[in-house]
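# Coordinates in review
Okay, here's what each chain looks like letter by letter:
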Amino acid sequence: MDSQDLIRAVAFDYVDQLSDHGEVPIAWADLSNFSFEGRRVPLVSQQGIFKPAALDLPISIRTTYREPGQLRPYEDEVDENGYLLYRYRGTDPGHHENQWLRQVRDRAVPLLYLEGVAKGRYLPSAAAIIEDHPESLTFGVQLMPIDAAAIGAVNAFALDPATRRHYLELVQRRTGQARFRESVLDAYASRCTLCRLRHRELLDAAHIVSYAEGGTHLVTNGMSMCKIHHAAYDLDIVGVRPDGVAEVRADVLEEVDGPMLRHGLQEVHGARLYLPKSPAMRPAVEGLERRYERFRGRM
């Protein structure tokens, strides 16, 4: 493995570990402060197609985050073959950054694809440039979860259509979940709605109506919860009334165990939720009613 390939492989491993195998968004500062053998090798810049000075080809392509309702400078789409259509830099097919991506394709070099899921935070996956479409000013990009990419194995990107679509769906699902988590935690000022814990790394975005049951990734279908309260909510140990008051299942209230049960669960019974300041960000009453009915059915 030459030095260029080694830098790329170490960078992928760094991003893989930092993102918990593609599940957790990475801050801009962490992406820009990667170093190799004492030399700083940033993995991101203001350019969407980015080549650090240490490499002769790009290391990453990026999609900009925009607040809900705002348009991105480039809207990426997926074609009928399951490839992401990544826009050229500008309208000149001969622009040097577009030429870089053709070299990436020709040499089967893997890229980091950084999807903006919140301001200054990106969810990473692996990408390969497969097709070039000058007529539409796009490249066809194959996406893979970063933890599934075999860096250095060119054939890792020669996937059959079914596998390609499976990986694309997995990347899209992770991205949707990451956007949902970031939006919900921001709305709740990084606090658990039940216990007010403020350690963001210990918080989840709990769906009120699960995605499997037709729930959405909208902020109004989520609540910020610490991991223990999220688990208790999902298991219907804790319920939330439509008026924003928590209840604990009767049999759990009667248990005698220890301080975690007493302080962590039993004491949230009757507590009023900590809710976002903006009414538009608060849980939808219809969803709370539906979920509370399920909780009551398991009392």
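Residues numbered from 1 in each chain as written. Predicted model: local features only at pLDDT ≥ 70, side-chain atom pairs only at ≥ 80, totals over all residues. Heavy atoms only, no water.

### A word on the pattern of salt bridges
- Summed over the entire model, instances satisfying the criterion amount to 18 salt bridges.
- The residue Asp236 makes a salt bridge to Arg291 at a minimum N-O spacing of 3.8 Å. With Asp236 in the loop between helix H5 (227–234) and strand E13 (238–240) and Arg291 in helix H8 (residues 285–297), this pair connects stretches of sequence that are 55 residues apart. The same class applies to Asp236 as to Arg291, namely buried.
- Residue Arg241 pairs with Asp243 through a salt bridge whose shortest N-O separation is 2.8 Å.
- Classification of Arg241 by relative accessible area gives partly exposed; the value is 26%.
- Under the relative-accessibility criterion, Asp243 is labelled partly exposed at 40%.
- Sharing partners across several salt bridges, the network here consists of Arg121, Arg181, Glu182, Asp186 and Arg200. (Salt bridge = Lys/Arg side-chain N within 4 Å of Asp/Glu carboxyl O. Helix = DSSP H or I, 4+ residues; strand = E, 2+ residues; numbered from the N terminus. Buried < 20%, exposed > 50% of the residue type's maximum accessible area, 1.4 Å probe, protein only.)

### A few points about helix H3 (residues 96–106)
- Those residues of H3 lying buried are Glu97, Asn98, Trp100, Leu101, Arg102 and Val104.
- A positive backbone phi angle near 55° is found at Ala108, which sits one or two residues after H3.

### Describing the confidence of the model for the protein chain
- Chain-level pLDDT for the protein chain is 90 on average; 93% of the residues reach the 70-or-more range.
- Across residues 150–154, confidence stays below pLDDT 50; counting only partners more than four residues off in sequence or on other chains, it has 5 contacts. (pLDDT = per-residue confidence, 0-100. Contact = heavy atoms within 4.5 Å.)

### A word on the side chain of Ser45
- Mapped onto the elements of the fold, Ser45 is located in the loop between strand E3 (39–40) and strand E4 (49–50).
- With relative accessibility at 14%, the residue Ser45 sits in the buried group.
- A polar side-chain atom of Ser45 sits 3.1 Å from the main-chain amide nitrogen of Gln47.
- Setting aside residues no more than four positions away along its own chain, Ser45 makes contact with Trp28, Phe50 and Arg62. (Polar contact = N/O pair within 3.5 Å; in protein donor to acceptor, adjacent residues only side chain to side chain.)

### Remarks on the packing of aromatic side chains
- Under the definition given, this model contains 4 aromatic pairs.
- Taking the centre distance of 5.0 Å and the plane angle of 50° together, the rings of Tyr14 and Phe34 count as tilted. Note that Tyr14 is positioned in helix H1 (residues 3–18) and Phe34 in the loop between helix H2 (28–32) and strand E2 (35–36), a separation of 20 residues in sequence.
- Given a relative accessible area of 25%, Tyr14 falls into the partly exposed group.
- Owing to a relative accessible area of 3%, Phe34 belongs among the buried residues under this scheme.
- Note on Trp28 and Tyr122: the rings are 6.0 Å apart at their centroids and 50° apart in plane angle, and the pair reads as tilted. Residue Trp28 is found in helix H2, and its partner Tyr122 is found in strand E9 (residues 121–133); the two are separated by 94 residues along the sequence. (Phe/Tyr/Trp six-rings, centres within 6.5 Å; stacked < 30°, edge-to-face > 60°.)

### Some details on H8
- Under the 1.5 Å per step criterion, the end-to-end length of H8 is 18 Å for 13 residues, consistent within 8% with the ideal 18 Å.
- Residues of H8 that are buried: Gly287, Leu288, Arg291, Tyr292 and Phe295. The arc enclosing the buried residues of H8, seen along the axis, measures out at 125°, which places them on a common side. Seen from the open side of H8, the exposed residues pointing more than 90 degrees away from its buried face are Glu286, Glu293 and Gly297.
- Contacts made by the buried residues of H8 are with strand E11 (203–207), strand E12 (222–226), H5, E13 and strand E14 (246–248). (Expected span 1.5 Å × (residues − 1). Arc of directions from axis to C-beta.)

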